[in-house]
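Listed below, chain by chain, are the residues.
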Amino acid sequence: MSPLVYFDANIFVYLKESFGEVPDQLTNLVATDSKAGVPQIGTSELTLAELLVKPFAERRDDLIDQYDNWLVDSHWLAVG
């Protein structure tokens, strides 16, 4: 089993809500990992709870759905 790179909640915020070089590099990392067949990126079960606080307060269903899809249904991410 290959080692996991841990993504904290702030990394997901960068991926979805930021623009520029850092989010672009993270997107490339995720895209590369998606092709690997086995998740090499991991996060905690608590990450979803952290990510949903602001979108729920702002009623941002788009972000709620995106974060939920990433952390619940993602084949490129190990959640544990």
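Relevant structure appears above.
Residues numbered from 1 in each chain as written. Predicted model: local features only at pLDDT ≥ 70, side-chain atom pairs only at ≥ 80, totals over all residues. Heavy atoms only, no water.

Participant: Any chance you could break down helix 3 (residues 46–57) for me, citing the residues and the numbers?
Facilitator: Every α-helix carries 3.6 residues per turn, so stepping three or four residues along brings you back to the same face. Taking 1.5 Å as the rise per residue, helix 3 with twelve residues should run 16 Å; its terminal C-alpha atoms sit 18 Å apart, in good agreement. Taken residue by residue, helix 3 has Thr47, Leu48, Leu51, Leu52 and Pro55 as its buried positions. The buried residues of helix 3 occupy an angular sector of 110° when projected down its axis, which confines them to one face. Opposite its buried face, helix 3 presents the exposed residues Leu46, Val53, Lys54, Phe56 and Ala57, each directed more than 90 degrees away. Of the surrounding secondary structure, the elements contacted by the buried residues of helix 3 are strand 1 (5–6), helix 1 (9–17), strand 2 (41–43) and helix 4 (61–73). (Helix = DSSP H or I, 4+ residues; strand = E, 2+ residues; numbered from the N terminus. Expected span 1.5 Å × (residues − 1). Buried < 20%, exposed > 50% of the residue type's maximum accessible area, 1.4 Å probe, protein only. Arc of directions from axis to C-beta. Contact = heavy atoms within 4.5 Å.)

Participant: Which residues make up the packing of helix 3 against helix 4, and what values go with them?
Facilitator: Across the interface, helix 3 lies against helix 4 with an axial gap of 9 Å and an inter-helix angle of 170°. Considered as vectors, helix 3 and helix 4 are oriented roughly antiparallel to each other. The residues of helix 4 that touch helix 3, namely those facing Thr47, Leu48, Leu51, Leu52, Pro55 and Phe56, are Leu63, Ile64, Tyr67, Asp68, Leu71 and Val72. A breakdown of the residues in the contact of helix 3 with helix 4 according to their chemical character gives ten nonpolar, one polar and one charged. (Axes fitted to C-alpha atoms, helices over the stretch in contact; angles between N-to-C directions. Parallel < 35°, antiparallel > 145°, perpendicular 65-115°, else oblique. Nonpolar A, V, L, I, M, F, W, Y, C, P; charged D, E, K, R; others polar.)

Participant: Summarise helix 4; cite the residues concerned and give the values.
Facilitator: Counted at 1.5 Å a residue, the expected span for helix 4 with its 13 residues is 18 Å, and the 17 Å between its end C-alpha atoms agrees. Taken together, the buried positions of helix 4 are Leu63, Ile64, Tyr67, Trp70 and Leu71. Down the axis, helix 4 shows its buried residues gathered within 140° of arc, on one side only. Exposed and oriented more than 90 degrees from the buried face of helix 4 are Asp61, Val72 and Asp73.

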